[in-house]
Amino acid sequence: MFIQPISISPTRVASGNILMSTPFEALGLAAPLLRAVADLGYTHATPVQAQAIPAAMQGADWLVGSQTGSGKTAAFLLPALHRIIEQGPTAIHRVATPRVLVLCPTRELTQQVAAEAIRLVRHVKKLRIGQIVGGVAFGQQIAALKGADLVVATPGRLLDLAQRRQIRLDMVQCLVVDEADRMLDLGFQEDLTAIHEACADRDQTLMFSATFAPRIVQLASRVMRDPQRIELANAQDRHADIEQRLHWTDDANHKKRLLAHYLSASTLEQAVIFASTQIETEALARELANEGHQVA
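Residue indices begin from 1 for each chain and proceed along its sequence in written order. Local features in a predicted model are, by the rule used here, given only for residues with pLDDT of at least 70; side-chain atom pairs are given and counted only at 80 or more, and totals for whole chains, interfaces and linings are based on all residues. With hydrogens and water stripped out, all remaining heavy atoms of the structure feed into the side-chain values.

## Focus on the packing of helix H2 (residues 47-58) against helix H3 (residues 72-87)
A pair of packed helices is characterised by two quantities: the angle between their axes and the separation of those axes. Axis definition: a line fit to C-alpha positions, over the contact stretch in the case of helices; interaxial angles, taken between N-to-C directions, run 0 to 180 degrees. By definition, any uninterrupted DSSP run of H or I lasting at least four residues is a helix, any uninterrupted run of E lasting at least two residues is a strand, and each is numbered from the N terminus. Interaxial distance between H2 and H3 falls to 9 Å at its minimum, and their mutual angle equals 25°. As the angle between them shows, H2 and H3 are arranged roughly parallel. Classified by chirality, the crossing of H3 by H2 is right-handed. Only Lys72, Ala74, Ala75, Leu78, Pro79 and His82 of H3 make contact with H2, whose side of the interface consists of Val48, Gln49, Ala52, Ile53, Ala56 and Met57. Basically, the charged four are Asp, Glu, Lys and Arg, the nonpolar ten are Ala, Val, Leu, Ile, Met, Phe, Trp, Tyr, Cys and Pro, and anything else, Gly included, counts as polar. Residue composition of the contact of H2 with H3, by class: nine nonpolar, two polar and one charged. Angles below 35 degrees are treated as roughly parallel, those above 145 as roughly antiparallel, those between 65 and 115 as roughly perpendicular, and all remaining angles as oblique. We call a crossing left-handed when the near helix sits turned anticlockwise from the far one by less than a right angle, and right-handed when that turn is clockwise. Contact between two residues is taken to exist if any of their heavy atoms lie within 4.5 Å; hydrogens are not considered.

## Here we look at the nonpolar core
Residues Leu78, Leu81, Val102 and Leu150 are the most contacted members of the largest nonpolar core, which totals 43 residues. Take this core: its biggest share by element is eight residues, from H3. Sequence-distant contacts of Leu78, that is, excluding residues within four places in its chain, are made with Phe24, Leu29, Leu33, Val37, Ile53 and Leu120. Put simply, a nonpolar core is a bunch of buried Ala, Val, Leu, Ile, Met, Phe, Trp, Tyr and Cys residues held in one set by side-chain atoms that sit within 4.5 Å of each other. Think of it in three bands: residues with accessible area under 20% of the maximum for their type are buried, residues over 50% are exposed, and the middle band is partly exposed, with areas taken using a 1.4 Å probe on protein chains only. Judged by nonpolar contacts, the second largest core, of 31 residues, contains Leu63, Ala96, Val151 and Ile216.

## Some details on the side chain of Thr46
With respect to the helices and strands, Thr46 occurs in the loop between helix H1 (31-39) and H2. Residue classification places Thr46 among the buried residues on the basis of a relative accessible area of 1%. A distance of 2.9 Å separates a polar atom in the side chain of Thr46 from the backbone oxygen of Ser70. Definition of a polar contact: a pair of N or O atoms within 3.5 Å, with one able to donate and the other able to accept a hydrogen when the atoms are protein atoms, and with sequence-neighbouring residues admitted only if both atoms are side-chain atoms.

## Considerations on the sheet that holds strand E5 (residues 174-177)
The seven strands are arranged E3-E4-E2-E5-E6-E1-E7 in an open sheet whose pairing can be described as parallel. Every other strand in the sheet has two partners, leaving strand E3 (129-132) and strand E7 (228-231) as the edge strands with one partner each. For this sheet, the mean inter-axis angle between neighbouring strands, taken without regard to orientation, is 15°. Here the rule is simple: two strands pair whenever DSSP picks up at least two bridges between them. With four bridges connecting them, E5 and strand E6 (residues 204-209) associate as parallel partners. In the sheet register, Val176 faces E6, and the bridge partner there is Leu206.

## Focus: the packing of helix H6 (residues 155-163) against helix H8 (residues 189-198)
Two elements in contact, H6 and H8, have axes whose closest approach is 10 Å; the angle formed by their N-to-C orientations is 45°. For the element pair H6 / H8, the angle class is oblique. The chirality of how H6 crosses H8 is left-handed. Contacts between H6 and H8 involve Pro155, Gly156, Leu158 and Leu159 on the former and, on the latter, Asp191, Ala194 and Ile195.

## Overview of the confidence of the model for the chain
Confidence scores labelled pLDDT are given residue by residue by the predictor and lie between 0 and 100. Within the chain, residue pLDDT values average 87, and 90% of them lie at 70 or more. Overall, residues 1-20 carries pLDDT values under 50, and its contacts beyond four positions in sequence, including any with other chains, amount to 53 contacts.

## Points about the pairing of E5
Burial along E5 is two-sided: the residues Cys174 and Val176 and Leu175 and Val177 are all buried. Here strand E2 (residues 100-103) runs beside E5; their pairing, made up of four bridges, is parallel. Paired with Val102 across the two strands is Val176, which belongs to E5.

As structure tokens, then:
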């Protein structure tokens, strides 16, 4: 069980535990994006945002190492959206022709990133966000993609739509690979290579990973051009804002009783519970709802 992190909330620098002091206004972002960030209640960038946003806006390929909860989603969304705003609207084609493509390893992360992108463009007219995930009817997804400037997708379903000629990748200018280490864990290496080749004319690739393990560096060497690095964390770092605990349980009933104990705490306002399958997730949600919890 984890307290839900907000992707662009302020975080603390591990060394010295001092709040990062870079205001968003100093990063050179378009005014509508600054308004949206202010609406969300944020004034200062996290360390990864303070380094990755201006670097991405300058161009070139970047390999960024940053932990979950450090603000990395906004670190790639804000410069990508700034690029689109600076260029202005383009013609709408018969099929989707995104200028920015964000790849995520899971459906849930794709939906989370797309939702954050929508929040960030609330003050921008004629800039559309699209998402591509499995489990959604093709017709519904194709209709929602038309005119999208930035598309967030899982690799498998994206390639399905590309093969059906419902999305063109040859006009992608910036490719973002989020949680690259998780991508490889889930076996998406061949899909990433295929997508890399489909948008080979792009001028920028941004790759975010919790670690710079050899396999990530090898992937970067295949899909990026002389990438520069920003490393704020590695897999061995302890996240300053997250307390981790491991509890051994005797059986499923013991585990459920322990979960009920934590969820009944008066200090708990929000929680995210991860389960291993969709069926198990839905069953647990029903049980918690029957016990009086507000569950989604």
